[in-house]
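# Geometric and topological summary
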Amino acid sequence: MVNVKQQIQEASLFIENKIGFCPEVGLILGSGLGILADLVENAIEIPYHKIPNFPVSTVEGHAGKLVAGQVKGKNVIMMKGRFHLYEGYDAQVTTFPVRVMKALGVEKLVVTNAAGGVNVDFDPGELMLIVDHINNLGTNPLIGPNDSELGERFPDMSEPYSKRLMKLAYKVAEKEGFNLREGVYMASLGPTYETPAEVRLARTLGADAVGMSTVPEVIVARHAGIEVLGISCITNKAAGILDQPLSHDEVVEVAERVKPTFLNLVLGMIEKM
Ligand code: HPA
């Protein structure tokens, strides 16, 4: 049987030897936010394929590397490019990097993504703090034997996203002069975008936004006792709200447009958290 703890240790030792410090804040950069990696001081880049036991990203536009260094005087480590279930990995594999971050010392995690707005009031280009999520993936990264050294068998999920960090995010937004939405993020498997009926279902279930990532990473982070801030960039109105098809190009375009604000929010958070 594969010994996950040993795999985590091999990966984290490898990274530790390369970076030589203990990162405090971890970041998982979704579509469009990869540019944050360019702002890291004393940046050390480690392509995923060089790290023992790391999965390798397959999606176009998701360059796969870890970038570690300092941002706003804090030791950070970020994933430029993440792993999605729709790529064919199972949930344990997509979340392996979060385990490794924890082993490196990460206590706080910022997770970002692009999402479709299910809430009809949300417009493309708005940022949404994720206050809660709905796991509609049909799987869970904690399925299988539980190693109690990594976390509890039945982890509490009553505050998946830190209220403390959300308060700080509002302070940053106020200071920088932009609006923040807040809402519930529902993760679907993808890679198809939702049908209009699925979007109505999501709305009925209480979702404000839909996407294809984040939930597995957050589950593992909470299992590991990491404090989480989640931010969605609403890149489009979800399917069926407007009488027009969805396109990946639109998602990329809007994520690109929102980048400066998104960046300000995340930089401000790193400073405060
Ligand atoms: N649905 C799912 N994932 C997404 C969407 C969407 O509408 N937009 C960006 N990522």
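For the structure given in this document, a descriptive report is provided here.

The rules behind these values
- Residues numbered from 1 in each chain as written.
- Predicted model: local features only at pLDDT ≥ 70, side-chain atom pairs only at ≥ 80, totals over all residues.
- Heavy atoms only, no water.
- Helix = DSSP H or I, 4+ residues; strand = E, 2+ residues; numbered from the N terminus.
- Buried < 20%, exposed > 50% of the residue type's maximum accessible area, 1.4 Å probe, protein only.
- Contact = heavy atoms within 4.5 Å.
- Polar contact = N/O pair within 3.5 Å; in protein donor to acceptor, adjacent residues only side chain to side chain.
- Salt bridge = Lys/Arg side-chain N within 4 Å of Asp/Glu carboxyl O.
- Phe/Tyr/Trp six-rings, centres within 6.5 Å; stacked < 30°, edge-to-face > 60°.
- Near = heavy atom within 4 Å.

Tracing the backbone through its elements, the reader meets Asn42 in strand E2 (residues 41-47). Overall, the relative accessible area of 62% leaves Asn42 in the exposed class. Here the alpha-carbon distance between Asn42 and Gln70, two residues 28 residues apart in the chain, equals 6.6 Å. In this structure, Asn42 is in contact with Ala68, Gly69 and Gln70, ignoring residues within four places of it in sequence. Within polar-contact distance, the side chain of Asn42 engages the side chain of Gln70 at 2.8 Å.

To continue, consider the pattern of salt bridges. Tallying each qualifying case throughout the model produces nine salt bridges. For Lys5, the salt bridge is made with Glu149, and the minimal N-O distance between the two is 3.3 Å. In this pair, Lys5 sits in helix H1 (residues 4-19) while Glu149 sits in the loop between strand E6 (127-135) and helix H4 (163-176), placing the two residues 144 residues apart along the sequence. With relative accessibility at 30%, the residue Lys5 sits in the partly exposed group. Of the charged contacts in the structure, one is a salt bridge between Lys237 and Asp123, with a shortest N-O distance of 3.6 Å.

In this section: the packing of aromatic side chains. Across all of its chains, the model carries four aromatic pairs by this definition. Summarising the aromatic geometry, the rings of Phe54 and Phe96 are spaced 5.9 Å apart at their centres and angled 75° between planes, so their arrangement reads as edge-to-face. Of this pair, Phe54 sits in the loop between E2 and strand E3 (65-71) while Phe96 sits in helix H3 (residues 96-104), placing them 42 residues apart in sequence. Summarising the burial analysis for this pair, Phe54 and Phe96 share the class buried. Note on Phe83 and Tyr89: the rings are 5.6 Å apart at their centroids and 85° apart in plane angle, and the pair reads as edge-to-face. Judged by relative accessible area, which is 3%, Phe83 ranks as buried. Following the ring pairs from residue to residue traces out a cluster consisting of Tyr48, Phe54, Phe83, Tyr89 and Phe96.

Glancing now at the site of the ligand. Near the ligand you find Ala114, Ala115, Gly116, Tyr193, Glu194, Val210, Gly211, Met212, Thr235, Asn236, Leu246 and Val251, and these make up its full shell. Taking Ala114, its main chain carries an N or O atom lying 3.4 Å from a nitrogen atom of the ligand. At 2.7 Å, a side-chain N or O of Glu194 approaches a nitrogen atom of the ligand. Elements represented by at least two residues in the shell around the ligand include exactly strand E5 (108-117), strand E8 (209-211) and strand E9 (227-237). Among the elements that take part in the shell around the ligand, E5 stands out by supplying three residues, more than any other.

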